[in-house]
Amino acid sequence: MENPISMDPLENVESFKLLVDRFSCKQPPIDKQKANMPRNEDTIIAARIRPLLLEEKETGQVEGTLSRNSTVVDVHGMTLGLPGGPKLRSSEFYLDRVYGPNISTEQIYNQLAAPLVEFALGGGTSTLFAYGQTGSGKTFTVSGLEKIVAVNLLHEETVKERNVFVSIFELGNTLNSGYGRSDNGYSFSKFNDLLDLLNNRKPVQILEDSFGETRIVGAIQPPVHSPRELIALIDKASEFRKTQATEKNEFSSRSHAICRISITQPMIPAAPEGMLYLVDLAGSEAAQDVVNHDSDRMKETREINNSLSVLKDCIRGRAQVGSSSGKKPYIPFRQSVLSKTLKHLFDPTAGRLCKMSVIACINPSFLDVGPSKNTLRYAEMLRVPVPTSKPLISDPENPSTWSNEEVRRWIAENSGEPLINPDFVAPYYTGKQIVEMDDMEFVRRCMKSKDVSKEQASALRSKLWQIHIDSQRPRKKEAGYNSHRQSSRIPAAVAKTPFKARIRPGMVVRYKAKKPRSYPTMAMIMCPDWAVETEVEGTNKQAVRGIRGEGPRRYLCSLVHPRTVHNSYQLDVWSQEIIDVDDIEAEVILEYDSATRLYFIGV
Ligand SMILES: Nc1ncnc2c1ncn2[C@@H]1O[C@H](COP(=O)(O)OP(=O)(O)OP(=O)(O)O)[C@@H](O)[C@H]1O
């Protein structure tokens, strides 16, 4: 009787090698359309195939994923059990750059990271991220690049010309306590916290400033003066980075890590701040890798895959902005903390100039062709023609676009009598810098001019601020994408009145709840309680009916409840309570996101 055909790939290695050799001798023709897709140097999608590790070779594994040339990857799998013996099943993927196992991290730095560093030095925002299945070489690549960046950025000959600051964060992954349920039944994902790796993993907040740019509030950002200092901080952060062994990699990273380097040039005060983001994404395990994984780990894996999926949707949405189809692209950057943190990459209205490189990391083993194909398919989906970011064109109604000359002219024309000297207020600042300037500093500078009063200086400040706020709304509309914010900002003059003295219907407030909650308790003021004629039952079983003129002021309020999307809230108009004015703690500005139909807390 004939021997049965083995279904174990490791027992068919020799046949596999023979089939791959045959394929290499007679390769299929290049798909010209995919290879020559219009691309620009601002977005580069690359793949790095790591070498097979010694232990993988020892178990008899061979390479199934190979670079055909500098832009094409072939992934070979084997179909067993067919009559006539094993058959090769090959797929090809087209990228902007492909780095095979013999390419060093230094070579990758020179081709991909060095242009990003140059760009950040010129005031742009550069982002490099690596992703791939666990054990594919993401951390090896990103940490290697970080070290070369440190050496090049803080070179002793040039270090005096720049101020460099670093922050390092981890996204998500509070293991074990992973998913919680709040006392009112709303479930939360706790994988989406942004944690400061340079400050004992202290949670920090992501907010948007008045320019619509992401600000990470509460993070420490130490200055660094030498490669050694920067590398020491990176090493400290990686020790804190939470790891948990996976099937594939004993030291697997189960969180996204972001190293953010900010660069300013003290010699050129008007130069914009440059930013360099180096992102090591959590291993994207395939759903099949479930062997021995508990349910928390599987939830975590789903969450990681979900944030990668949102990232892809954002990049693809950004590519459609301004397309001739007339369809409004959907850019869901609020749906994950990762995309919120990297919002600069997707926001077509941001004046920031951006460049991005993505490295898809690949484990070459023929046992891993499934996850490798997923990684490369994802890379191909990112390879869309993202338009080059353009600086905002000077607009008299948008102070962020003004040059120093325009700022000076505006001050001279609007300061009133006595004249506020622009030399004192804006010796070299651009419009964006003058808007960002602290109010007190602005007023102090105005008052250096003879006889200028505090009131006159504050009025000029309010006028500038008002133009800036007004400029944000139409700009978002013109952008033609449907994830814009709508917020009700308090005019500077009104904000000076204590908020309890100007409580009015429609105002959202934070209040002290009778029972402590794990989220900010917020409510919208509807009316004073005495305005409620009939007695009805509130959500806390308290009778909702007021009596004019007795006791402390009380308000009928509709509650604002948290939703599952991170940091998002919903107004439940019919969930009402009577709240004492003494329990009201602060006014809250909520921003409405039309894409998710949810509210987010504004700055
Ligand atoms: N280009 C390379 N050359 C040599 N060894 C490499 C290379 N890339 C990765 N390795 C080795 O492969 C192993 C896995 O790499 P690494 O830890 O960087 O994977 P990872 O993708 O970050 O995994 P995880 O997502 O699980 O953290 C490590 O032992 C690393 O040293």
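Heads up: these notes are all about the structure in this document.

Basis of the calculations
- Residues numbered from 1 in each chain as written.
- Predicted model: local features only at pLDDT ≥ 70, side-chain atom pairs only at ≥ 80, totals over all residues.
- Heavy atoms only, no water.
- Helix = DSSP H or I, 4+ residues; strand = E, 2+ residues; numbered from the N terminus.
- Buried < 20%, exposed > 50% of the residue type's maximum accessible area, 1.4 Å probe, protein only.
- 1 Å grid on protein atoms, 1.4 Å probe; cavity = no way out; pocket = protein on both sides within 12 Å on 5 of 7 lines; lining within 4 Å.
- Points joined across faces, edges and corners; volume = space filled by probe spheres on them.
- Nonpolar A, V, L, I, M, F, W, Y, C, P; charged D, E, K, R; others polar.
- Pairing = 2+ DSSP bridges.
- Expected span 1.5 Å × (residues − 1).
- Axes fitted to C-alpha atoms, helices over the stretch in contact; angles between N-to-C directions.
- Contact = heavy atoms within 4.5 Å.
- Core = buried A, V, L, I, M, F, W, Y, C linked by side-chain atoms within 4.5 Å.
- Arc of directions from axis to C-beta.
- Phe/Tyr/Trp six-rings, centres within 6.5 Å; stacked < 30°, edge-to-face > 60°.
- Lys NZ or Arg CZ within 6 Å of the ring centre and 35° of its normal.
- Salt bridge = Lys/Arg side-chain N within 4 Å of Asp/Glu carboxyl O.
- Polar contact = N/O pair within 3.5 Å; in protein donor to acceptor, adjacent residues only side chain to side chain.

Once that is clear, we can look at the overall build of the protein. From N to C terminus, the protein includes 15 helices and 26 strands. Per-residue burial for the protein yields a buried fraction of 51% across its 603 residues.

What follows deals with empty space enclosed by the protein. In this structure the tally under the stated criterion is two cavities of 30 Å³ or more. The wall of the second largest cavity is formed by Tyr511, Arg517, Tyr519, Thr521, Met522, Leu559, Val560 and His561. Per-element accounting of the lining of the second largest cavity gives the leading share, three residues, to strand β22 (residues 554–562). Partitioning the lining of the second largest cavity into residue classes produces five nonpolar, two polar and one charged.

Here we come to the pairing of strand β14 (residues 256–264). Here is the key point about a regular strand: its side chains alternate between the two faces of the sheet. Of all nine residues that make up β14, eight are buried, and the element is covered over most of its length. One ladder, built from nine bridges, connects strand β7 (residues 163–171) with β14; its direction is antiparallel. Looking at β14, one finds that Glu170 is bridged to Ala257. Note that β14 and strand β15 (residues 274–280) share seven bridges and pair antiparallel. Across the sheet, residue Cys259 finds its bridge partner in β15, namely Leu278.

Before going further, it helps to examine unusual backbone geometry. With an omega of -15°, the peptide bond between Glu417 and Pro418 qualifies as cis. Unlike most non-glycine residues, Arg201 shows phi in positive territory, near 60°. Positive phi values are uncommon outside glycine, yet Asp451 reaches one of about 65°. Within the secondary structure, Asp451 is located in the loop between α13 (439–446) and α14 (454–479). Residue Asp451 is classed as exposed on the basis of its relative accessible area of 63%.

Turning to helix α9 (residues 369–382), a few remarks are in order. Since the α-helix turns once every 3.6 residues, residues separated by three or four places project in the same direction. Taking 1.5 Å as the rise per residue, α9 with 14 residues should run 20 Å; its terminal C-alpha atoms sit 20 Å apart, in good agreement. Among the residues of α9, those classed as buried are Val369, Pro371, Ser372, Lys373, Thr375, Leu376, Tyr378, Ala379 and Leu382.

Ordered in space as β2-β3-β4, the three strands form an open sheet in which the pairing is antiparallel. Taken across any chain shown, the strands that pair with only one partner, and hence form the sheet edges, are β2 (65–67) and β4 (87–94). For this sheet the average axis-to-axis angle between neighbouring strands, irrespective of direction, equals 25°. Contacts from α9 reach β2, β3 (72–79) and β4 within the one sheet, and its direction differs from that of β4 by about 25°.

We now examine the nonpolar core. Among the nonpolar cores identified, the biggest contains 44 residues, and Phe129, Leu311 and Phe346 are the most heavily contacted of them. Leaving out residues up to four positions away in the same chain, Phe346 has contacts with Leu311, Cys314, Ile315, Arg318, Ile331, Phe333 and Ser339. Residues Leu116, Leu197, Cys259 and Ile261 belong to the second largest nonpolar core, which totals 39 residues.

On to helix α10 (residues 404–414), then. Among all positions in α10, only Asn404, Val407, Trp410 and Ile411 are buried. Seen end-on, α10 carries its buried residues on one side only, within an arc spanning 125°. Residues of α10 that are exposed and point over 90 degrees away from its buried face: Glu405 and Glu413.

Under the counting rule described, the total for this entry stands at four aromatic pairs. Each ring, one from Tyr428 and one from Tyr429, has its centre 4.9 Å from the other, and the planes form 65°; the classification is edge-to-face. Taking relative accessible area as the criterion, Tyr429 reaches 15% and is therefore assigned buried. Here the basic side chain of Lys355 rests over the ring of Phe119, its NZ or CZ set 5.1 Å away from the ring centre. Directly above the aromatic system of Phe442 lies the positively charged group of Arg461, at a separation of 4.8 Å from the ring centroid.

Inspection of the entire model under this criterion finds 21 salt bridges. Measuring nitrogen to oxygen at the nearest pair gives 2.5 Å for the salt bridge that ties Glu170 to Arg201. Residue Glu170 is located in strand β7, and its partner Arg201 is located in the loop between β10 (194–196) and β11 (202–208); the two are separated by 31 residues in the primary sequence. Judged by its relative accessible area of 0%, Glu170 is buried. Looking at Arg201, the relative accessible area reads 18%, which means it is buried. One salt bridge connects Lys432 with Glu436, and the closest N-O pair in it is separated by 3.8 Å. Taken together, the positions of Lys432 and Glu436, both in helix α12 (residues 431–436) and four residues apart, correspond to about one turn of that helix. Sharing partners across several salt bridges, the network here consists of Arg68, Asp74 and Glu92.

Time to look at the side chain of Ser136. With respect to the helices and strands, Ser136 occurs in the loop between β6 (125–132) and α5 (138–153). What makes Ser136 buried here is its relative accessible area of 1%. There is a polar contact of 3.4 Å between the side chain of Ser136 and the backbone oxygen of Cys361.

Without other data, these values stay purely geometric and don't point to any function.
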